[in-house]
Amino acid sequence: MKFFLPAAILFGMFSVTSCTKKNTYNTVVQDSIYYSKWVPLSMTMQIDATSGDTFYVQAINAPRITASIISHGAVLCYYGFPSSATDTTVYTESTMLGLNQTLTAYSPGQITINSLYDLTYSSSAGYLFRYVVIPANVLTTSFNGMTQQQLDKMSFSDLQNAVNNAKQTSGNTFNP
């Protein structure tokens, strides 16, 4: 009995330190809404070889845009126009199509902006750009299955309110 208690304590210490525990709780952030920072546009002039028309292009690296997001989720684009020294007017992608004949195309990892006008940002003119990526599961739960076309017309502040009011278990809150 004299050796039994110390041996039991020693055995208990080794059994506790050598056991492994499997964690079944995974924090998955892939189902979160992602939004980029505001980026000043810097477009490149192109000339159409057939018609001779001038247009402006910019490719933006967007690693969060995957084939799955394009197929089942949503990508929203916003353009910010500094209307004064302290205020920026935010336009949706569909509004920019009407205002500046600006088209936006997505492919995995990239956004391409095409416009008839130079949207390059400077201290006196131009636009800032931001994109938002909404995975399919968040799209169906937080936005009641709205289509990409419906979301394209949603203002940035309405989108921000919808995201912040949704009951997400992980991810970002939307701060402009």
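### Notes on the packing of aromatic side chains
Then, in step 1: Enumeration over the complete set of coordinates arrives at 5 aromatic pairs.
Then, in step 2: Three or more aromatic residues joined by ring pairs form one cluster here, namely Y79, F81, Y91, Y127 and F129.

### As for the nonpolar core
Then, in step 1: Counting residues in hydrophobic clusters, the biggest one holds 18 residues, and the most contacted among them are L41, Y79, I111, I113, F129 and Y131.
Then, in step 2: If near-sequence neighbours (up to four positions away) are discounted, F129 is found in contact with K37, W38, V39, L41, I60, C77, Y78, Y79, I111 and I113.
Then, in step 3: By size, the runner-up hydrophobic cluster in this structure holds 14 residues, among which are I33, A74, F156 and L159.

### A short note on the pairing of strand β4 (residues 54–62)
Then, in step 1: Pairing between strand β3 (residues 44–47) and β4: 4 bridges, direction antiparallel. Among the inter-strand pairings, I47 is bridged to a residue of β4, identified as T54.
Then, in step 2: Two strands pair when backbone bridges link them, and β4 and strand β8 (residues 109–115) are joined in this way by 7 bridges, in the antiparallel orientation. Across the sheet, residue Q58 finds its bridge partner in β8, namely I113.

Thresholds, definitions, all that
- Residues numbered from 1 in each chain as written.
- Predicted model: local features only at pLDDT ≥ 70, side-chain atom pairs only at ≥ 80, totals over all residues.
- Heavy atoms only, no water.
- Phe/Tyr/Trp six-rings, centres within 6.5 Å; stacked < 30°, edge-to-face > 60°.
- Core = buried A, V, L, I, M, F, W, Y, C linked by side-chain atoms within 4.5 Å.
- Buried < 20%, exposed > 50% of the residue type's maximum accessible area, 1.4 Å probe, protein only.
- Contact = heavy atoms within 4.5 Å.
- Pairing = 2+ DSSP bridges.
- Helix = DSSP H or I, 4+ residues; strand = E, 2+ residues; numbered from the N terminus.

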